[in-house]
Amino acid sequence: MESAAGNIADVLKCSHISKEFDSFDGTGKNLVLEDIDFSVKDNEFLVLFGPGQCGKTTLLNILAGLESPTKGEVVDHGKKVTAPAPERGVVYQKTALFPWLTVMGNVEFGPKVRGFKKEERKKIADHYIDLVGLKGFEKSYPSQLSGGMRQRVGIARAYSNNPSLMLMDEPFGHLDAQTRYMMEEELQRIWQKEKRAVVFVTNNIEEALFLADRIILMTNCPSKIKKEYIIDLPHPRSYVDPEFLRLRREITENMDKSM
Amino acid sequence: MKNKTAKYKYRILSVCSVIAVLFIWELVTDILHLISPMMLPSPAKVLNTLIYKLTGGVNPDGATLLQHIAASMKIALGGYTVGVLVGVPLGIAMAWNRKFEMFAKPLFDVIRPIPALAWIPLMILWLGIGYWSKVGIIFFAAFISATINSYAGIKRTSQVHLWVASTFGASKRQMLFKVAIPTALPMIFTGLRLALGSSWVALVAAELLAATRGLGYMIQVARMLGRPDVIIVGMITIGVIGYLLSTVLEKLQNKYVKGGK
């Protein structure tokens, strides 16, 4: 049974997080996150869905340990998050691959930094390159790959440290619509094969519904949690399934329209 | 196949421009005698002098062309090497460490706009007119470009790349060597090439001043003796060597800078 204090199945607990920055004119404070409180369960695909550009990347950075919250705390497996750690892998929006490294070099970067021997890290990298469907492209440089392929490398790179939690910051946001659908299906396939707890940020409702076990709807500026939806449609999901469309309408109606 | 033909066509264009210049040069000298040989000797005469200087001729300046080249290279590469060895780490350190930047950047910003040639009087005062004063001048010429470009290169390091490294548990040192320096590498190479260019320019100027050997010295003596053919041989040699050195650096860059943008 779940207890209020958080239970063992929780990978990550985010309690009452607020974050403010100094405003641009330096006279006051800008509140971007207000009282964000949720937890991520083991192997759960959680989508943070909300409009606008406000605070979502900041929230992911706080979960990753790259930034610290003004109020509240993040707890990962019972330990307070104060710095980044390999257990929390991050997939970024774009241009996050190292352009001077090959696909292989990018994917084995994490294991290399952590001091794995050459054969070991090659084995790890080979496995994840294969998982994301890039076998044969090991020696290509990011500049030689398409946007979708680059994001596959980003996913493989995040997997390479065997994290218990994956943080994804609108990873498909800059892809064209066709590639985006394909990558959503691919991510679903990869995730079904190697399950991890995922926190996925998006402002695309279709993407959210296609991927999520649970959707947290956020408000705009400052970002607060507005509502939570459990999505228990079977995979693979169809964009025209009546239940899918009903949820889509319901969530869209609850979404903040103003920017 | 078609590509090859196109490439060939462009080659022909390049050859044409060289031939055209040579032809006009020959026309105004040997054929029409429009310009006196004391001002501009004919291409044939220059070629003769080049062969003579290359095959061990020591007149009129007391050394063969290869000896002049060796003397110049010794100075240029000496000053260049020291300039780069100081400049690149300095630029990297200034860009990477905030405290060091605050400490060193103002000083560097004052030194930066001073042309290398403006150091000549001080260098002569401090180091005499021998080898080391010239090395000192070349040092400043190389050091400035090497520092600025390394500094700018490190500053281009992307925040997201640093995030990635830090979520992978990279240490500060690993972030510098595995993220920032690879980011900066193309600009560091640009700096090395610009430094080479300014070293070569400063070299000739430094040698015009006080020397007994070297390419700059050779053309200076030739001017005083009224030997424009030797001047032109010297200029061509300076151009060709500068080009060759820069090609070597370009090859190195292609070898070590991977992945494009």
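## Some remarks on the overall build of chain B
In step 1: Secondary structure assignment for chain B yields ten helices and zero strands.
In step 2: In sequence order, chain B lays out its α and β elements as α-α-α-α-α-α-α-α-α-α.
In step 3: Seen through its C-alpha atoms, chain B measures out along the principal axes to roughly 75 × 60 × 30 Å.
In step 4: For chain B, the share of sequence-separated contacts (at least 6 apart) that also reach a separation of at least 24 residues comes to 70%.

## A word on the interface of chain B and chain A
In step 1: At the interface, 18 residues of chain B touch 23 residues of chain A.
In step 2: Along the lines of polarity and charge, the residues of the side of chain B that touches chain A split into eight nonpolar, eight polar and two charged.

## A few points about the sheet that holds strand β4 (residues 71-76) of chain A
All names here are of chain A.
In step 1: Reading across the sheet, the four strands line up as β2-β1-β4-β5 and stay open at both edges, with antiparallel pairing between neighbours. Of all strands in the sheet, those bounded by a partner on one side alone are β2 (29-41) and β5 (79-80).
In step 2: Examined bridge by bridge, β4 and β5 share two bridges and lie antiparallel to one another. Bridged to aspartate 76 within β5 is lysine 79.
In step 3: Packed on one face of the sheet, helix α1 (residues 56-64) meets β1 (10-22), β2 and β4 and runs near 125 degrees to β1.

## A word on the sheet that holds strand β9 (residues 214-218) of chain A
Either a parallel or an antiparallel arrangement is found when strands of a sheet pair, and the pairing is made through backbone hydrogen bonds.
All names here are of chain A.
In step 1: As summarised here, the arrangement of the six strands in space is β6-β7-β8-β3-β9-β10, forming an open sheet in which the pairing is mixed. At either margin of the open sheet sits one strand with a lone partner, and together these are β6 (88-91) and β10 (225-230). Along the sheet, successive strands turn relative to each other by an average axial angle of 15 degrees, direction set aside.
In step 2: The sheet contact formed by strand β7 (residues 165-169) and strand β8 (residues 197-202) spans five bridges and is parallel. Among the inter-strand pairings, methionine 166 is bridged to a residue of β8, identified as valine 198.
In step 3: Relative to the sheet, α1 contacts β3 (45-49), β6, β7 and β8, its axis offset from that of β7 by approximately 160 degrees.

## A look at the domain arrangement of chain A
Residue and element names in this part refer to chain A.
In step 1: Each assigned domain of chain A is listed with its residue range as follows: domain 1 (1-87 + 166-259) and domain 2 (99-162).
In step 2: Relative to domain 2, the C-alpha centre of domain 1 lies at a distance of 25 Å.
In step 3: Every contact between the two is made by 14 residues of domain 1 and, on the other side, 13 residues of domain 2.
In step 4: It is helix α6 (residues 177-193) that provides the largest number of residues to the side of domain 1 that touches domain 2, a total of seven residues.

## Some words on the packing of helix α3 (residues 65-96) of chain B against helix α4 (residues 98-111) of chain B
Residues and elements named next belong to chain B.
In step 1: One can describe the packing of α3 onto α4 by two numbers: an axis separation of 6 Å at closest approach and a directional angle of 125 degrees. Regarding the angle of α3 to α4, the classification is oblique. The residues of α4 that touch α3, namely those facing Ala93, Met94 and Ala95, are Phe100, Glu101, Ala104 and Lys105.
In step 2: A breakdown of the residues in the contact of α3 with α4 according to their chemical character gives five nonpolar, no polar and two charged.

## Quick notes on helix α8 (residues 242-254) of chain A
In step 1: Its 13 residues give α8 of chain A an end-to-end C-alpha distance of 19 Å, which sits within 8% of 18 Å, the value for a rise of 1.5 Å per residue.
In step 2: In terms of burial, α8 of chain A is a largely surface element, zero of the 13 residues being buried.

## Regarding the packing of helix α5 (residues 147-159) of chain A against α6 of chain A
Residue and element names in this part refer to chain A.
In step 1: Packing of α5 against α6 brings their axes to within 10 Å, and their N-to-C directions diverge by 25 degrees. Of the possible angle classes, the one that applies to α5 and α6 is roughly parallel. Here α5 and α6 pass one another in a crossing that is right-handed. Residue-level contacts link Gly147, Gly148, Gln151 and Ile155 of α5 to Thr179, Met182, Met183, Leu187 and Ile190 of α6.
In step 2: Of the residues assigned to the contact of α5 with α6, the class counts are five nonpolar, four polar and no charged.

## Focus: unusual backbone geometry
In step 1: Cis peptide bonds are those with omega within 30 degrees of zero, and the linkage from histidine 235 of chain A to proline 236 of chain A qualifies with -10 degrees.
In step 2: One can find proline 236 of chain A in the loop between β10 and α8.
In step 3: Cis geometry is found at the peptide bond from asparagine 59 of chain B to proline 60 of chain B, where omega equals 0 degrees.
In step 4: In this fold, proline 60 of chain B is placed in the loop between α2 (43-54) and α3.
In step 5: Despite not being glycine, asparagine 43 of chain A shows a phi value in the positive range, around 60 degrees.
In step 6: You can see asparagine 43 of chain A is positioned in the loop between β2 and β3.
In step 7: Positive phi, close to 50 degrees, is recorded for asparagine 162 of chain A, a residue that is not glycine.

Here is what the cut-offs are and how they apply
- Residues numbered from 1 in each chain as written.
- Chains lettered and ligands numbered in written order.
- Predicted model: local features only at pLDDT ≥ 70, side-chain atom pairs only at ≥ 80, totals over all residues.
- Helix = DSSP H or I, 4+ residues; strand = E, 2+ residues; numbered from the N terminus.
- Contact = placed C-beta atoms within 7 Å.
- Nonpolar A, V, L, I, M, F, W, Y, C, P; charged D, E, K, R; others polar.
- Pairing = 2+ DSSP bridges.
- Axes fitted to C-alpha atoms, helices over the stretch in contact; angles between N-to-C directions.
- Domains from an automatic or database assignment.
- Parallel < 35°, antiparallel > 145°, perpendicular 65-115°, else oblique.
- Expected span 1.5 Å × (residues − 1).
- Buried ≥ 20, exposed ≤ 12 C-beta atoms within 10 Å, placed from the backbone.
- Left-handed = near helix turned anticlockwise from the far one by under 90°.

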